[in-house]
Amino acid sequence: MLDGLKARLDQLLRDGSRSDPRAYAAGLKEAVLEARLGVRTMQEALSATETELAAERQQLEDAERRGKLAAMVPDPETVRIAERYAVRHRERAVILERKLAVQREELALAERELAEMTSEAKRAAADHPSEAISAAWRDLESAGVPRPDDQDRMQAEADRQRRESAIEAQLAYLKRKLGKQ
């Protein structure tokens, strides 16, 4: 699963520098979502392996206990069977311990890659305005509304500050007037 996601991310990164920056950012966002799902799946698999290992260790302990009890009672057949099961459970526990170690390493790697992908997606999103804003401006421009330049933005900011000052002045006047009554 991790290899497939990594191959897709590599393809996205190769194509991202030549294609539309918005498409690149959207692809990164989708890859991050898939990576989060993958990490969650890996965490669940790790948890299942831990549970399975605990159960296997319990079964090993039970088999060893039964073997000791059978040895106290002269029953060689039961001792032999208990030893055979103990060997099986011990081997299975060793395999599960190795599996658990590999899953932990793989999860740590996936979490590091997810963190890198997330920071790259945040950088890509910050470098480019959102698709919704761009689409809204395209719609406005097609309707004949020009995009404001820096001077228009400065004028709009000055107008906003004047309106806020007028509102504050009116509020102060009303407070003084109500305070006198």
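Quantities reported herein were computed from a predicted structural model and do not represent experimental measurements.

J.: Requested: an account of the overall build of the protein, with residues and values cited.
T.: Of regular secondary structure, the protein possesses five helices and zero strands. Split into buried and exposed, the 181 residues of the protein put 23% on the buried side. When contacts within the protein are restricted to residue pairs at least 6 apart in sequence, long-range pairs at least 24 apart make up 73% of them. For the protein, the accessible surface area stands at approximately 13300 Å², while carbon and sulfur atoms represent 56% of it.

J.: A description of the pattern of salt bridges should follow, citing residues and the corresponding values.
T.: Counted by the stated rule, this structure contains 10 salt bridges. Here glutamate 52 makes a salt bridge to arginine 92, at a shortest N to O gap of 2.4 Å. With glutamate 52 in helix 2 (residues 21-72) and arginine 92 in helix 3 (residues 76-127), this residue pair connects regions lying 40 residues apart in the sequence. Note that arginine 65 is salt-bridged to aspartate 62, the shortest N-O span being 3.3 Å.

J.: Which residues make up the packing of aromatic side chains, and what values go with them?
T.: Here the structure, examined in full by the defined rule, presents zero aromatic pairs. Against the face of tyrosine 85 rests arginine 88, its NZ or CZ located 5.5 Å from the ring centre.

J.: Talk me through the confidence of the model for the protein; I want residue IDs and the actual numbers.
T.: The pLDDT averaged across the protein works out to 83; a share of 83% of its residues lies at or above 70. Least confident of the elements in the protein is helix 1 (residues 2-16), whose mean pLDDT is 63; most confident is helix 3, at 90.

J.: Please set out a nonpolar patch on the surface residue by residue, giving values where relevant.
T.: On the surface, Leu69, Met72 and Val73 cluster together into a nonpolar patch covering about 320 Å² of accessible area. Note on placement: methionine 72 falls in helix 2.

J.: Please set out the side chain of histidine 89 residue by residue, giving values where relevant.
T.: Inspection of the secondary structure puts histidine 89 in helix 3. A residue is classified by how much of its surface remains accessible, and histidine 89, at 14% relative accessible area, is buried.

Conventions and cut-offs
One numbering rule holds for all chains: residues counted from 1, following each sequence as written. Reporting of local features is limited, given that this is a predicted model, to residues whose pLDDT is at least 70; pairs of side-chain atoms are given and counted only at 80 or more, and all residues count toward the totals for whole chains, interfaces and linings. Calculated side-chain values reflect all of the structure's heavy atoms, with hydrogen atoms and water omitted. For helices the rule is a DSSP run of H or I covering at least 4 residues; for strands it is a run of E covering at least 2, with both sets numbered from the N terminus onward. The cut-offs for exposure are 20% and 50% of the maximum accessible area for each residue type, with area from a 1.4 Å probe on protein chains only; residues under the lower value are buried, those over the upper are exposed, and the others partly exposed. For this analysis, residues touch if any pair of their heavy atoms sits within 4.5 Å. Residue-level accessible areas treat just the shown protein chains as cover; the underlying method is Shrake-Rupley with a 1.4 Å probe. Salt bridges are identified by distance alone: a Lys or Arg side-chain nitrogen within 4 Å of an Asp or Glu carboxyl oxygen. Each Phe, Tyr or Trp ring, with Trp reduced to its six-membered ring, pairs with another whose centre is within 6.5 Å; inter-plane angles below 30 degrees give stacked pairs, above 60 give edge-to-face pairs, and intermediate values give tilted ones. Placement of a positive charge over a ring is assigned whenever Lys NZ or Arg CZ falls within 6 Å of the ring centre and within 35 degrees of the normal to the ring plane. Every residue gets a pLDDT, meaning the predictor's confidence in that residue, from 0 to 100. Patch criteria: residues need more than 30% relative accessible area and no salt bridge. Like-charged residues are merged within 9 Å; nonpolar side chains of Val, Leu, Ile, Met, Phe, Trp and Tyr are merged within 5 Å.

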